[in-house]
Amino acid sequence: MKMKRSIGGMIFDVFKYVSLIVASIIALVPVVVCVLTAFKTNEEWETTSVLTMPKSFLYFENFRMAMEKANMLRCFMNTALVLLVVLTVTVFTGSMLAYALNRFKFPGSGLVQSLFLFASLLPGIAMQVTIYQIMYNLGLINHLYGYMIVLMGTDIISIYIFLQFFENLPTSLDESAIIDGCTYFGVFFRILFPLLKPAIMTSLVLKGVSVYNEYYASNLYLNKPELKTISTALYTFTGPYGNQYNYICAGVLITIIPILVFFLVFQKQVYSGMASGAVKG
């Protein structure tokens, strides 16, 4: 019996590790291809396979061309401004909405939470016709602040993250502060908001990645070259006569650098925030 169990366990372990290896290869092959292509000359890219090693990893002409032709520096500045404004507004609106829904039990508060959940089930693409008409009538097309307003729309995930965190903060904190003469705004900003750091980090990571990678709305509402974000910059090298993949891959590596640096510097806060903010207080 033990022999049968050990054989079954060995088969399971082999299957498990083979599956992990195959999954890792599937995930890594596109990254490897992108890195190799980014360092190839036009001639190498046209005459060699995608997995062929470039002649030199010191060929940076593709990166220079990507930066210049796609105006990536300006795109980075636009994206940074959008991230700063959208993330700031998302954190404050999400945390304040969660505070009101959790701490104040008014008629219909449960219905409001249910409506937020219902809104999260609606595909955003299905509402784009109406949103575009509103944006057009208000004159918000081809303006960064109009694009920011679209992205500032109530982030349902952030609200539920903050709601979960407020559930673990005792109401005695509020009551003690109010007894000492603190207003509700004071309770939120002086007492509770500083305790929301893990939840804030979780919200910033989830929303930040979404905004940084957002392409559809950026391509739809920002049609001027000087308003492009980093997600639409790489489409400079696409066209009806073919795509310049060596420039595209170089641009992809450039766009990865800020996120990689951020993760390496703040990985401890990111991990702790994801664990504490989404699970417990």
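This is a predicted model, so every value here is computed, not measured.

Trainee: Outline the overall build of the protein chain, listing residues and values.
Mentor: Check the secondary structure of the protein chain and you find 14 helices and zero strands. The order of α-helices and β-strands along the protein chain, N terminus first, is α-α-α-α-α-α-α-α-α-α-α-α-α-α. In terms of overall dimensions, the protein chain is more spread out than a globule: its C-alpha atoms have a radius of gyration of 24 Å, far above the 19 Å expected for 281 residues. By its C-alpha atoms, the protein chain is 75 × 75 × 35 Å across when sized along the principal axes. Evaluated residue by residue, the protein chain yields a buried proportion of 35% over its 281 residues. Considering only residue pairs separated by 6 or more positions, the protein chain has 73% of its internal contacts joining residues 24 or more positions apart. Surface accessibility of the protein chain: about 17200 Å² in total, with carbon and sulfur atoms responsible for 71%. Computed over 18 positive and 13 negative side-chain charges, the inter-centroid distance for the protein chain is 8 Å.

Trainee: Describe the packing of helix α4 (residues 72-103) against helix α8 (residues 156-167), and please don't skip the residues or the numbers.
Mentor: When two helices pack together, their arrangement is given by the angle between their axes and by how far apart the axes lie. At a minimum axis separation of 8 Å, α4 and α8 run at an interaxial angle of 50°. Regarding the angle of α4 to α8, the classification is oblique. In the crossing of α4 with α8, the sense of the turn from one axis to the other is right-handed. Between α4 and α8, the contacting residues are Thr90, Val91, Gly94, Ser95, Leu97, Ala98, Tyr99, Leu101, Asn102 and Arg103 on the first element and Ser158, Ile159, Phe162, Leu163, Phe166 and Glu167 on the second.

Trainee: Break down the nonpolar core for me, with residues and values.
Mentor: Note on soluble globular proteins: their nonpolar side chains tend to be buried together. One finds Ala38, Phe63, Met72 and Val82 to be the most contacted residues of the largest nonpolar core, which totals 37 residues. Listed in part, the 22 residues of the second largest apolar core include Tyr99, Ile156, Phe162 and Leu192.

Trainee: Please give an account of the pattern of salt bridges that cites residues and values.
Mentor: Oppositely charged side chains can pair when the atoms bearing their charge come close. Under the counting rule described, the total for this entry stands at four salt bridges. Arg64 serves as the salt-bridge partner of Glu61, at 2.3 Å between the closest nitrogen and oxygen. With Glu61 and Arg64 both in helix α3 (residues 61-69) and three residues apart, this pair spans about one turn of that helix. Here Arg64 falls in the partly exposed class, since its relative accessible area comes to 38%. Here Glu68 ties to Arg64 by a salt bridge, and the two come within 2.9 Å at their closest N and O atoms. Residue Glu68 and its partner Arg64 are located together in helix α3, separated by four residues, close to a single helical turn. Beyond isolated ion pairs, a larger network of salt bridges with shared partners links Glu61, Arg64 and Glu68.

Trainee: Outline helix α10 (residues 184-192), listing residues and values.
Mentor: Those residues of α10 not exposed but buried are Gly186, Val187, Phe188 and Leu192. Check the buried side of α10 and you find it contacts α4, α8 and α9 (172-179).

Trainee: Report on the environment of Leu101, specifying residues and quantitative values.
Mentor: Inspection of the secondary structure assignment puts Leu101 in helix α4. With relative accessibility at 4%, the residue Leu101 sits in the buried group. On a C-alpha basis, the gap between Leu101 and Pro225 in space is 42 Å, while along the polypeptide they are 124 residues apart.

Trainee: Tell me about the environment of Thr88, and name the residues and values.
Mentor: Looking at the element boundaries, Thr88 is found in helix α4. For Thr88, a relative accessible area of 38% gives the class partly exposed. Separated by 161 residues in sequence, Thr88 and Cys249 place their C-alpha atoms 31 Å apart.

Trainee: Could you give an account of a nonpolar patch on the surface, with specific residues and numbers?
Mentor: On the surface, Ile256, Ile257, Leu260, Val261, Phe262, Phe263, Leu264, Val265 and Phe266 cluster together into a nonpolar patch covering about 790 Å² of accessible area. With respect to the helices and strands, the residue Val265 is situated in helix α14 (residues 245-279). Using a relative accessible area of 52% as the deciding quantity, one classes Val265 as exposed.

Trainee: With reference to specific residues and values, describe the packing of aromatic side chains.
Mentor: For the structure on display, the rule yields 16 aromatic pairs. Seen in terms of ring centroids, Tyr132 and Tyr221 are 5.8 Å apart; in terms of plane orientation they differ by 20°. Their pairing is stacked. Remark: Tyr221 occurs in helix α12 (residues 216-221) and Tyr132 occurs in helix α6 (residues 128-137); sequence separation between them is 89 residues. The exposure class assigned to Tyr221 is buried, which follows from its relative accessible area of 0%. Measuring from ring centre to ring centre gives 6.5 Å for Phe189 and Phe193, while their planes differ by 50°; the resulting arrangement is tilted. The exposure class of Phe189 is partly exposed, given its relative accessible area of 36%. Geometry around Tyr17 places Lys16 over its ring, the cationic atom sitting 5.1 Å from the centre.

Calculation criteria
- Residues numbered from 1 in each chain as written.
- Predicted model: local features only at pLDDT ≥ 70, side-chain atom pairs only at ≥ 80, totals over all residues.
- Heavy atoms only, no water.
- Helix = DSSP H or I, 4+ residues; strand = E, 2+ residues; numbered from the N terminus.
- Rg over C-alpha atoms; globule rule 2.2 N^0.38 Å.
- Buried < 20%, exposed > 50% of the residue type's maximum accessible area, 1.4 Å probe, protein only.
- Contact = heavy atoms within 4.5 Å.
- Areas by Shrake-Rupley, 256 points an atom, 1.4 Å probe, with all protein chains shown as cover.
- Lys, Arg positive; Asp, Glu negative; His and termini not counted.
- Charge placed at Lys NZ, Arg CZ, Asp CG, Glu CD.
- Axes fitted to C-alpha atoms, helices over the stretch in contact; angles between N-to-C directions.
- Parallel < 35°, antiparallel > 145°, perpendicular 65-115°, else oblique.
- Left-handed = near helix turned anticlockwise from the far one by under 90°.
- Core = buried A, V, L, I, M, F, W, Y, C linked by side-chain atoms within 4.5 Å.
- Salt bridge = Lys/Arg side-chain N within 4 Å of Asp/Glu carboxyl O.
- Patch = residues over 30% accessible without salt bridge, like charges linked within 9 Å, V, L, I, M, F, W, Y side chains within 5 Å.
- Phe/Tyr/Trp six-rings, centres within 6.5 Å; stacked < 30°, edge-to-face > 60°.
- Lys NZ or Arg CZ within 6 Å of the ring centre and 35° of its normal.

All quantities given are derived from atomic positions and should not be read as evidence of function.
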